[in-house]
Amino acid sequence: MGRILKHLKYPVRYPGIIPRAAENYFRMMVLGQKRLRAVEFAVNYVCQCQCAHCSVEFLGQKRRPLLDTAQISRVLDELHDMGVMNVNFTGGEAILRPDLRELVRAARPRSTVVSVATAATMVDAKIADDLRDWGVRIVTISLDSADAETHDRSRRHPGSYDKVMNATRLFQERGIDVFWCTILTDENAINGDMLRLVDRAEEWGVTLTINFSCPVGAWHEQPVGVAPELKVLHRELMQREHVRWEGHSNYHKEGCPAGIEKLYISPYGEVMPCPFIHVTFGNVLQRPVTDIWKEMTGTEPFHEVQEGCPVAENPTFFVQYLSPLKTAEVHPVSIEQIGAKPTPISATTALCADGVAESASA
C-alpha cells in the first residue's frame, strides 16, 4: 500500500496515465498477472561526449542499420499493450535522432510518461520548446559531479557542466520535470562530491537518481562488488526526499526491476533486461517483444525483482551473465551463449501474447 501511495503522485502529475495505472494494478493484484512498467529505448549510439565510463562502448556497430521510424513505432504499440507507462528515449544522444518528434508521438504521450535522456550539450531554447510541444514530460540529464571541472573532465567535453545547468533552467521554465542522473563511486563518496551534488540538486529543485558504478562498457575492467560503507551511504542518501535509484519506482517492492518490470531495447532491436546487462533475449525484427519478454521473465533471476543492483553488487550474477562479455567479439551476447536455462513453467506465470496470464496446462 505504501508503494501504491508513493506512485499516486505520478497519475496526479500526469492524469492521462490514471486508467492505465489502474488497469495494471488490477491485472497484477487481482488477476495475478505480470505487467511491464517501463522501457529504456536507445535510438542511437552517437554522442558528442566521450565519457570515461560509457556503458555502451562495445554495443555500437556502425555498419548495422538502426531501427527506422515505422519499426520503432510498431514496437511502441506492442509495449503500450503490455502496460508500459514510461518510455525513456536514450542513446547515445537521443536528441540527435532526426525523427525524435515522430517517436515521441508514437509513444502516446497523452497516456504514457515520455522522457528523453540527454547529456545536454546541444540543448537550447528551441530544443526545449520542441520537447515540451511534442509531449515530453521528463528530461533526464547526466551529471557526474557538483564541480564543473570534474564533470567536464569525465565527459571529455569542455563546458558541458555549464550546459547542463542551462538546460536544466530551460526545461524547468517550460514545466518539464528534470532528473539528474549520477554514479556513486569510492572517490566522490570520500571527497564529499556526492553530498555536494545531492545538495545542489535540492537547490535546483530536481530529482537526483544515484546508481552504483557497473563493471561494463568502458568500465569493464573495474572490480565487481560494492564496498559495505558505500552501500550504507547509498541507503542514507535514499532517505532524502529528492533522491532515488532505479529500483525505487517498482510496483510491489524496491529492488532491481531488470526484465520483470523494465526492458532495454538497443537501436538495432536487441532486447535486454537493463542498459548494463548486455545479454539479448531476442530482436524485435525477428520476434514480437511480447514473446521475448515472456522468455525473459521465465529465466532466473529476471522472473522477479532482485535485491540491489546485480551487476554492481552480485559477483555470482556477474560471473554467470557478464563474464562471457570479456571474450565475445560482438556485444550483446545472446542468452543462448550464456547458457542460462528458463525456470520450469510450473514455477512461473505463463503469459499470453497480449500479456494475459494462462495456466501451464492450457
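Please refer to the structure placed before this passage.
Residues numbered from 1 in each chain as written. Predicted model: local features only at pLDDT ≥ 70, side-chain atom pairs only at ≥ 80, totals over all residues. Heavy atoms only, no water.

Here we look at the packing of helix α7 (residues 148-155) against helix α8 (residues 160-173)
For clarity, the cut-off: For helices, the axis comes from a line fit to the C-alpha atoms of the stretch in contact; other axes are also lines fit to C-alpha atoms, and the angle between any two N-to-C directions lies between 0 and 180 degrees. Helical segments are the DSSP runs of H or I of at least four residues, strand segments are the runs of E of at least two, and each set is numbered from the N terminus. Oblique is the label for any angle not under 35 degrees, not over 145, and not in the 65 to 115 range, which are roughly parallel, roughly antiparallel and roughly perpendicular in turn. In this analysis, two residues are considered to be in contact whenever any of their non-hydrogen atoms come within 4.5 Å of each other. Throughout this entry, Asp, Glu, Lys and Arg are counted as charged residues, while Ala, Val, Leu, Ile, Met, Phe, Trp, Tyr, Cys and Pro are counted as nonpolar. The remaining residues, Gly among them, count as polar.
Two elements in contact, α7 and α8, have axes separated by 7 Å at closest approach and are oriented at 105°. Relative to α8, the element α7 lies roughly perpendicular. Here Ala148, His151, Asp152 and Arg155 of α7 come into contact with α8, specifically with Ser160, Tyr161 and Val164. The class makeup of the residues in the contact of α7 with α8 is three nonpolar, two polar and two charged.

Looking at the layout of surface pockets
Quick note on the threshold: Cavity and pocket criteria rest on a 1 Å grid covering protein atoms alone: a 1.4 Å probe that fits but cannot get out defines a cavity, protein on both sides within 12 Å along at least 5 of 7 lines defines an open pocket, and an atom within 4 Å of a point defines a lining residue. Grid points are joined across faces, edges and corners, and a volume is the space filled by probe spheres set on the points.
The computed volume of the second largest pocket comes to approximately 770 Å³. Only α2 (9-13), β5 (177-184), β6 (207-212), α11 (228-237) and β7 (243-244) provide two or more residues apiece to the lining of the second largest pocket. Along the lines of polarity and charge, the residues of the lining of the second largest pocket split into nine nonpolar, eleven polar and twelve charged.

A look at the sheet that holds strand β9 (residues 271-272)
We count it as follows: A pair of strands is treated as paired once DSSP finds two or more bridges between them.
With mixed pairing, nine strands are arranged side by side in an open sheet as β7-β6-β5-β4-β3-β2-β1-β8-β9. Of all the strands in the sheet, the pair left with one neighbour each is β7 and β9. Taken strand by strand, α11 contacts β5, β6 and β7, and its axis lies near 160° from that of β6.

Examining the side chain of histidine 151
How we decide: In this scheme, a residue with accessible area under 20% of its type's maximum is buried, one over 50% is exposed, and one in between is partly exposed, where area comes from a 1.4 Å probe on protein chains only.
Take histidine 151: it is sitting in helix α7. Given a relative accessible area of 0%, histidine 151 falls into the buried group. Those residues in contact with histidine 151 that sit more than four places away from it in its chain are Ser142, Leu143, Asp144, Ser145, Ser160, Tyr161 and Val164.

Digging into the pairing of β5
If a strand is regular, its side chains alternate between the two faces of the sheet. Both strand β4 (residues 138-142) and β5 contribute to a ladder of five bridges, which runs parallel. Paired with valine 139 across the strands is valine 178, a residue of β5. Strand direction decides the pairing type here: β5 and β6, joined by six bridges, are parallel. The residue of β6 that forms the bridge with tryptophan 180 is leucine 208.

What about the packing of aromatic side chains?
Short version of the rule: A pair of Phe, Tyr and Trp rings is counted when the ring centres sit within 6.5 Å of each other, with Trp represented by its six-membered ring. The angle between the planes then sorts it: under 30 degrees is stacked, over 60 is edge-to-face, the rest tilted.
This model, assessed by the stated rule, comprises seven aromatic pairs. A ring pair is formed by tyrosine 25 and tyrosine 251, whose centres lie 5.4 Å apart and whose planes are at 80°; its orientation type is edge-to-face. Taken as a pair, tyrosine 25 in helix α3 (residues 18-29) and tyrosine 251 in the loop between β7 and β8 (262-265) lie far apart in primary sequence, 226 residues in all. Here a set of aromatic residues connected by ring pairs shows up, and it is made of Phe281, Phe302, Phe317 and Tyr321.

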